[in-house]
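Residue-level structural notes
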Amino acid sequence: MDSGENTTDKSQFPDQEPSTPLSDYAKKLDEALKQRYLEKIECIGIDPILIKGKNFDPDCLPLVESADILTYLVLETSYYTKDQFKNFRSLEAFNQLVNGFVTSVQGHKTSEKFVVLAKVRHSQRMNDTLITVWIISEERGVIIGAHCLGCKAGLAESCSHIACVLYYLDSRTKIHEKLTFTQMKCQCILPPFVQDVEYARVRDINFKSAKKLKSELDENIENLMNDDCEQFYEENKKSKIKDKSVPVPTQGDMDVLFSELSECKIKPVVLSLVQPYTESYVKSSRHITTVTDLFDKKYLELSYPELLKVCMSIKLDNTKENIDQVERETQLNKERS
C-alpha cells in the first residue's frame, strides 16, 4: 500500500497558526480536557476533524493488529488516573463490528502518522446521529491516541466505539495479509454497515451470538486465499439472496411437535393454548371456591340487613387440604415473582 499520495502538505493549511488549530468541538471542552486533546494531536499538528474529507482514503489505513488493541485498551496508561486502562470490557467491542455498527472508515497520512476517521452507530440509541471517532497511529499499528466525539466514555480514550474501529482495522490487516492489493473486493467479508434496524420475521433474524459471528469472521479471513477470492465473492453474494421459504407444517407435524414439547421438564407456555394439554396448566386450587368467587353485582343493590342474610346462607366447605393447597401455590407464585 502506497500511502505517499495521501501525505499532508503543510501548505494545505495556509491559515495555520503556530499553535495547533482546533475544531469547534475541541474549543468547547473543559480546560483540562482541551489540554489533553492538544497533547494527543500534537504529533500531527492539526485537529483530525479539521482535515478535509477529500484527503481521506479508505485504502490509506494503518496495519493495526490484535496485539496493538490489547496494548492500547489494557496496558496503556490513563492520562487522568495514571493507572493502566485495563479496559477489558472494551475488548468485547467486536459485538458492534460484527453487527454492522461501523462505517466510513478512512485514513490519511500526515507527519509520518496515520489519522483514521470513522463513524459508529450508538449501541443503545439506534436512531441517533452516528458517532465520529478518530485514531492516530504509527504505520505499523501502534496506537498513539484516540478520541470519541459522541460519548462521555470517549473522553477517557478507550470506549467501545474506539475499540470497535480498532477491531475493524485489525480485520482489515488480516485480510491484507491474505490477499494481493488487486483483490480488494474480497473485503466484502467484513460486516456491512447496518443502515436501519427494521422489524423482521423470526426466520429472517440471525440469532447467532456476537462471539460466534466474530469466530466465523476470523475463520473466513483465515481460510481466505488469493486463488479462491472470486469464488468466495460469488458464494457470499448468493448466500444473501438464497430462498428462505419454509413449507407449511401439516397437522401431523404439529401433533408430533406438541407431543415432544409436552415431555419437556419445564412446561412450554405454547401448550397452555393447545388441547388436550391445557388442563395441565390449570392449577388445582382454581376449583376451590374463594370469597372473591362469591361476588355478584346483584348484591350491590341489597341493603345491609339483606346482605347479612345472604352471607349467613352461604357456606364454604374448604377442607384443610384445600387450604394447604392454596397456601402452597400462593407461596410458589410469590417466589417466582
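Relevant structure appears above.
Now for a look at the structure at hand. (Residues numbered from 1 in each chain as written. Predicted model: local features only at pLDDT ≥ 70, side-chain atom pairs only at ≥ 80, totals over all residues. Heavy atoms only, no water.)

**Describing a nonpolar patch on the surface**
Together, Val202, Ile205 and Phe207 line one region of the surface with nonpolar side chains, adding up to about 330 Å² of accessible area. Following the sequence through the fold, Phe207 ends up in the loop between α5 (160-178) and α6 (210-223). A relative accessible area of 63% places Phe207 in the exposed class. (Patch = residues over 30% accessible without salt bridge, like charges linked within 9 Å, V, L, I, M, F, W, Y side chains within 5 Å. Areas by Shrake-Rupley, 256 points an atom, 1.4 Å probe, with all protein chains shown as cover. Salt bridge = Lys/Arg side-chain N within 4 Å of Asp/Glu carboxyl O. Helix = DSSP H or I, 4+ residues; strand = E, 2+ residues; numbered from the N terminus. Buried < 20%, exposed > 50% of the residue type's maximum accessible area, 1.4 Å probe, protein only.)

**Side note on the sheet that holds strand β2 (residues 113-120)**
What the four strands build is an open sheet, ordered β1-β2-β3-β4; its pairing is antiparallel. Both edges of this open sheet fall to β1 (102-110) and β4 (143-148), since each of them pairs with a single strand only. Across the sheet, the axes of successive neighbouring strands diverge by a mean angle of 15 degrees, strand direction being ignored. Pairing analysis gives seven bridges linking β1 to β2, with the strands arranged antiparallel. Bridge pairing in β2 links His108 to Val115. Contacting β3 (131-137) and β4, helix α2 (residues 31-41) crosses the sheet at an angle of about 50 degrees to β3. (Pairing = 2+ DSSP bridges. Axes fitted to C-alpha atoms, helices over the stretch in contact; angles between N-to-C directions. Contact = heavy atoms within 4.5 Å.)

**Comments concerning α2**
For α2, the set of buried residues is Leu33, Lys34, Arg36, Tyr37, Lys40 and Ile41. Projected onto a plane normal to the axis of α2, the buried residues spread over an arc of 160 degrees and lie on a single side. With respect to the buried face of α2, the exposed residues turned more than 90 degrees away are Glu31 and Ala32. Each element contacted by the buried residues of α2 is listed here: α1 (24-27), β3 and β4. (Arc of directions from axis to C-beta.)

**Comments concerning the state of the cysteines**
Within this structure, the stated rule accounts for zero disulfides. The structure places no disulfide on Cys159, whose sulfur is separated from the nearest cysteine sulfur, that of Cys151, by 3.8 Å. (Disulfide = S-S within 2.5 Å.)

**Some points on the environment of Val116**
Tracing the backbone shows Val116 in strand β2. Note: C-alpha distance between Val116 and Trp134 (18 residues apart in sequence) is 5.4 Å. Ignoring sequence-local partners within four residues, the contact set of Val116 consists of Leu61, Pro62, Val105, Gln106, Gly107, Val133, Trp134, Ile135, Val165 and Leu169.

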